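Analysis of the macromolecular model
The chain contents come next:
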Amino acid sequence: MLMMTINHLTCSICGRTYAPDSVQYCCPADGGNLTVHLAFEDQPELVDRESILGSRDRSVWRYAPLLPVADPGFAGTPLHRVGGTPVYELPGIRRSLGMPKLWVKDESPNPSASFKDRASAIVIAAAISRGEKLTVAASTGNAGAAMACMAAATGQKCLILAPRTAPPAKVAQLLSFGAQVVLVDGSYDDAFELSLQATEAFGWYNRNTGFNYLTAEGKKTAAFEIWEFFLHRNEAEVEDLNIFIPVGDGNILTGIWKGFKDLLALGWIGKLPRLIGVQAEGSAAIANAYAQGAAVIEAVRSTTLADSISVDLPRDGLRALHAVRESGGEYITVSDAEILAAIPSLGGAGIFAEPAAAAAFAGLRKALQSGYNPAQPSLVMVTGSGLKDVRAATQAVSQAPTIAPTLAALKEVTKHA
Ligand SMILES: *Cc1c(COP(=O)(O)O)cnc(C)c1O
Ligand SMILES: [Zn+2]
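Residues numbered from 1 in each chain as written. Chains lettered and ligands numbered in written order. Predicted model: local features only at pLDDT ≥ 70, side-chain atom pairs only at ≥ 80, totals over all residues. Heavy atoms only, no water.

Time to look at the site of ligand 1. Inspection of the region around ligand 1 gives 16 residues, with Lys 116, Gly 248, Asp 249, Gly 250 and Thr 383 positioned closest. Asn 142 is positioned such that a nitrogen or oxygen atom in its side chain is 2.8 Å from an oxygen atom of ligand 1. In the environment of ligand 1, an oxygen atom lies 2.8 Å from a nitrogen or oxygen atom belonging to the backbone of Gly 248. Residues of the shell around ligand 1, tallied by class, amount to 5 nonpolar, 7 polar and 4 charged. (Near = heavy atom within 4 Å. Polar contact = N/O pair within 3.5 Å; in protein donor to acceptor, adjacent residues only side chain to side chain. Nonpolar A, V, L, I, M, F, W, Y, C, P; charged D, E, K, R; others polar.)

This is the structure we're talking about:
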């Protein structure tokens, strides 16, 4: 079966190196996130580029030769519909922002309607190959929904711990997928800690973002798709892109960075693109550290309405901080009002985004106000569907008028008659 062997894992804090079978989650010495180093980093000839480019599989499993887990099959199920999401040009938005080289990658067509499916697909494949009985995930909603969706698609068991305040649509999704759902009377961070204790006490397999090192390996597939998209076009080189990414725990940004690092190691790109991390003002632990030039990340008391990026202590903050610095990018913060305003802006181009997913676009608009060059080739990640949180979307738009069912009443409220 096609997959790539793990050479070793390195800790993002102490730099220690571990053999792949010697640790399961974080660095035993200091709890740092572990980065996967694959055999092709030293031996690019292990990978056949043309067979990847020629594959008819449009899902994340297209890149199985670059992943540390093998495709477990289930070809006719949602597991094989993860990834392969569209990159749009959006002429209306390009015109209104004066940005001729703007693209949006929309993750809402994923089976559970968010970017998180990329990680959950890879984790469920690992759970199957390891013969795990149950996978647990702490989640503000999307990671859990993704896990529950992939578990359902493959007949696996999972248990999701979510904060009591998770948006109802996300909880309904979890329950519909048949996961065991437990709501925690506390924050996402409380649910996270509880899941770690359960993993330790009951031996469950843990999918948590920024804990299970495979999540970033799944998320890196978005970078591969972006690379492939620009390979076939001459409007811009992928190396010249600025990529705007919404950031909570920092694992999506870290995963996308890892994907580009892999492409560089393979010699398939010549340099790395720039990453722009966008955080909510009310949940800006990583952006604060960036602004202060700090080496450690201080927890905040998060307050944003964008629940998917509402995090007190980012679980993959250090790597997300380093990646942005190394890429020559920056962190931007946006207010909840700016996030809400971005929802109908994307909506006007046919994209329905949840608040966290609209945040990156809000970040781009904010950057333009402070002198960002509109000629710069830029790609904005839209990470999840607006159907995930209709209450927020309702706050972002004006109400529709209600009328009597008569032509006269209709004429009064429309400008088109
Ligand atoms: C999880 C999530 C994010 C943030 O990803 P992190 O890895 O926590 O930084 C952004 N948008 C959506 C829709 C998400 O579900
Ligand atoms: Zn360490």
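Moving on to the coordination of the zinc ion (ligand 2). Every protein donor of the zinc ion (ligand 2) is listed here as Cys 11 (SG), Cys 14 (SG), Cys 27 (SG), Asp 30 (OD) and Asp 30 (OD), and their distances to the metal cover 2.3 to 2.4 Å. Between consecutive donor residues of the zinc ion (ligand 2), the sequence gaps follow C-x2-C-x12-C-x2-D. Highlighted residues: Cys 11 in strand E1 (residues 6-11) and Cys 27 in the loop between strand E2 (17-18) and strand E3 (34-38), separated in sequence by 16 residues. Comparing Cys 11 with Cys 27, the two get one shared label, buried. (Donors = N, O, S within 2.8 Å, 3.2 Å for Na, K, Ca; no water. Helix = DSSP H or I, 4+ residues; strand = E, 2+ residues; numbered from the N terminus. Buried < 20%, exposed > 50% of the residue type's maximum accessible area, 1.4 Å probe, protein only.)

Moving on, we get to the sheet that holds strand E11 (residues 274-280). As summarised here, the arrangement of the 6 strands in space is E4-E5-E13-E10-E11-E12, forming an open sheet in which the pairing is mixed. Looking along the sheet, the strands with just one partner apiece sit at the ends: strand E4 (87-88) and strand E12 (330-334). In this sheet, strand E13 (residues 378-382) lies alongside strand E10 (residues 242-246) in parallel orientation, the contact comprising 3 bridges. Bridged to Phe 244 within E13 is Val 380. Each of E10, E11, E12 and E13 is contacted by helix H9 (residues 251-265), which is oriented at about 150 degrees to E10, the strand it contacts most. (Pairing = 2+ DSSP bridges. Contact = heavy atoms within 4.5 Å. Axes fitted to C-alpha atoms, helices over the stretch in contact; angles between N-to-C directions.)

The terminal C-alpha atoms of helix H6 (residues 188-202) lie 21 Å apart, and with 15 residues this matches the ideal 21 Å at 1.5 Å per residue to within 8%. Listed as buried for H6 are Tyr 188, Asp 189, Ala 191, Phe 192, Ser 195, Ala 198 and Thr 199. Residues of H6 that are buried sit in contact with strand E6 (135-138), strand E7 (158-163), strand E8 (180-184) and strand E9 (205-206). By the N-cap criterion, in which a side-chain oxygen at the helix start approaches the backbone nitrogen of a residue two or three places on, H6 is capped by Ser 187, the distance to Asp 189 being 3.3 Å. Of the residues one or two after H6, Gly 203 is the one with positive phi, at around 75 degrees. (Expected span 1.5 Å × (residues − 1).)

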